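Analysis of the macromolecular model
If you want the building blocks of each chain, they are given just below.
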Amino acid sequence: MEDKFSVTVDCVVFGLDSEDLKVLLIQRDLDPYRGKWALPGGFIRAQESIEDAARRELLEETGVKDLYLEQLYSFGGLKRDPRGRVITVAYYALVNLNDHIVKASTDARKAAWFALDDLPELAFDHDDILDKALNRLKGKVTYEPIGFELLPKKFTLSQLQGLYEKILEKKLDKRNFRKKIMIMDILINLNEVQEDVAHRAASLYAFDE
C-alpha cells in the first residue's frame with residue numbers, strides 16, 4: 001500500500017518597528033489547534049508552485065502581500081501534524097511592519113504582530129520553525145547587507161546600528177560596527193547631515209544598491 005502524505009507551506013514574517021523585532025501570527029479557526037496561534041500557512045494546491053502557495057496563504061490569512069520571500073527549510077517530523085504525515089516548506093521575510101496592514105481572513109480568526117519576547121504558545125512545531133528562521137536571520141546579517149526596506153532612503157550610522165541590534169538582540173560596539181560596515185562597501189556618504197534635531201547633527205548615508 002502506497003504511503004500518502006501532504007505538503008504545506010508556512011511563512012515566518014519578521015516585522016521591525018521603532019521598538020521591537022516582531023513576528024506575524026494568525027489565530028487558527030479550524031481544527032486541529034482551533035484557537036491556537038500559528039504561523040500563516042496551509043496546503044499547497046496541485047497546480048501552483050511552492051512559493052505561489054506561500055504568497056497565496058499569506059495574503060488569504062493576513063492580507064500581507066508583495067514581500068520578498070526566501071525559502072528557509074523543510075520540516076518533516078513524523079508527528080508534527082495530528083492529521084497525518086505532513087511535510088512543510090517554510091519561508092521567511094523581513095519587512096517594515098508599518099508598511100503592512102494585517103487583516104485575518106479564510107481559516108484565520110485573527111492576525112497580529114507579536115514581539116519575540118512575548119509570544120503565545122504556538123501550534124504544531126511552529127516554535128521550531130520560528131527558531132530556525134530567527135537563527136537564519138541573525139546569521140545572514142553577519143555576511144549580507146540588510147535593511148534596504150526598513151530604513152529611510154537617507155539614514156545615520158546610528159540608525160543602521162540600531163537596526164542590527166534589534167535583529168541580533170544585543171548591543172554592538174559602535175567603533176567595531178562602523179568599521180565592519182565600511183569594509184562591506186555598501187554605503188554612500190551623501191555629504192549631508194540631519195536637519196532639525198536637538199542633538200549634534202549626524203552624517204547621512206544611503207545604500208549603494
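Scroll up to find the structure.
Figured I'd write up the structure that's included with this text. Owing to the predicted nature of the structure, the values given are computational and were not obtained by experimental measurement.

Let's shift gears to the overall build of the protein. Looking only at helices and strands, the protein has four helices and nine strands in total. The order of α-helices and β-strands along the protein, N terminus first, is β-β-β-β-α-β-β-β-α-α-α-β-β. With the principal axes as the frame, the protein shows a C-alpha extent of 70 × 30 × 30 Å. Intrachain contacts of the protein at a sequence separation of at least 6 include 64% that bridge at least 24 residues. For the protein, the computed accessible surface area is about 12,300 Å², with 47% contributed by carbon and sulfur atoms.

Moving on, we get to the pattern of salt bridges. Across all of its chains, the model carries 17 salt bridges by this definition. Notably, a salt bridge pairs Arg56 with Glu48, separated by 2.6 Å at the nearest N-O pair. When salt bridges that share partners are traced, they join Arg45, Glu48, Arg56, Glu57 and Glu60 into one network.

Moving on, we get to the packing of helix α3 (residues 157–168) against helix α4 (residues 174–184). One way to put it is that α3 packs onto α4 with a least axis distance of 11 Å and a crossing angle of 100 degrees. One element, α3, and the other, α4, form an angle in the roughly perpendicular class. Contacts from Leu157, Ser158, Leu160, Gln161 and Tyr164 in α3 reach Lys174, Phe177, Arg178, Ile181 and Met182 in α4. Residue composition of the contact of α3 with α4, grouped by class: six nonpolar, two polar and two charged.

This paragraph deals with the side chain of His100. The residue His100 is located in the loop between β6 (86–96) and β7 (108–115) in this model. Overall, the relative accessible area of 18% leaves His100 in the buried class. The contact partners of His100, leaving out residues within four places of it in the chain, are Val64, Lys65, Leu67, Val95 and Trp113.

This structure, assessed with the given rule, holds five aromatic pairs. Taking the centre distance of 5.2 Å and the plane angle of 65 degrees together, the rings of Tyr73 and Phe75 count as edge-to-face. The interplanar angle of 65 degrees and the centroid separation of 5.4 Å between the aromatic rings of Tyr164 and Phe177 together place this pair among those described as edge-to-face. Of this pair, Tyr164 sits in helix α3 while Phe177 sits in helix α4, and the two are 13 residues apart along the sequence. Each member of the pair, Tyr164 together with Phe177, is buried. We note Lys132 situated over the ring of Tyr73; from NZ or CZ to the ring centre the distance is 4.1 Å.

Conventions used here
- Residues numbered from 1 in each chain as written.
- Predicted model: local features only at pLDDT ≥ 70, side-chain atom pairs only at ≥ 80, totals over all residues.
- Heavy atoms only, no water.
- Helix = DSSP H or I, 4+ residues; strand = E, 2+ residues; numbered from the N terminus.
- Contact = heavy atoms within 4.5 Å.
- Areas by Shrake-Rupley, 256 points an atom, 1.4 Å probe, with all protein chains shown as cover.
- Salt bridge = Lys/Arg side-chain N within 4 Å of Asp/Glu carboxyl O.
- Axes fitted to C-alpha atoms, helices over the stretch in contact; angles between N-to-C directions.
- Parallel < 35°, antiparallel > 145°, perpendicular 65-115°, else oblique.
- Nonpolar A, V, L, I, M, F, W, Y, C, P; charged D, E, K, R; others polar.
- Buried < 20%, exposed > 50% of the residue type's maximum accessible area, 1.4 Å probe, protein only.
- Phe/Tyr/Trp six-rings, centres within 6.5 Å; stacked < 30°, edge-to-face > 60°.
- Lys NZ or Arg CZ within 6 Å of the ring centre and 35° of its normal.

All we've got here are geometric facts, nothing functional implied.
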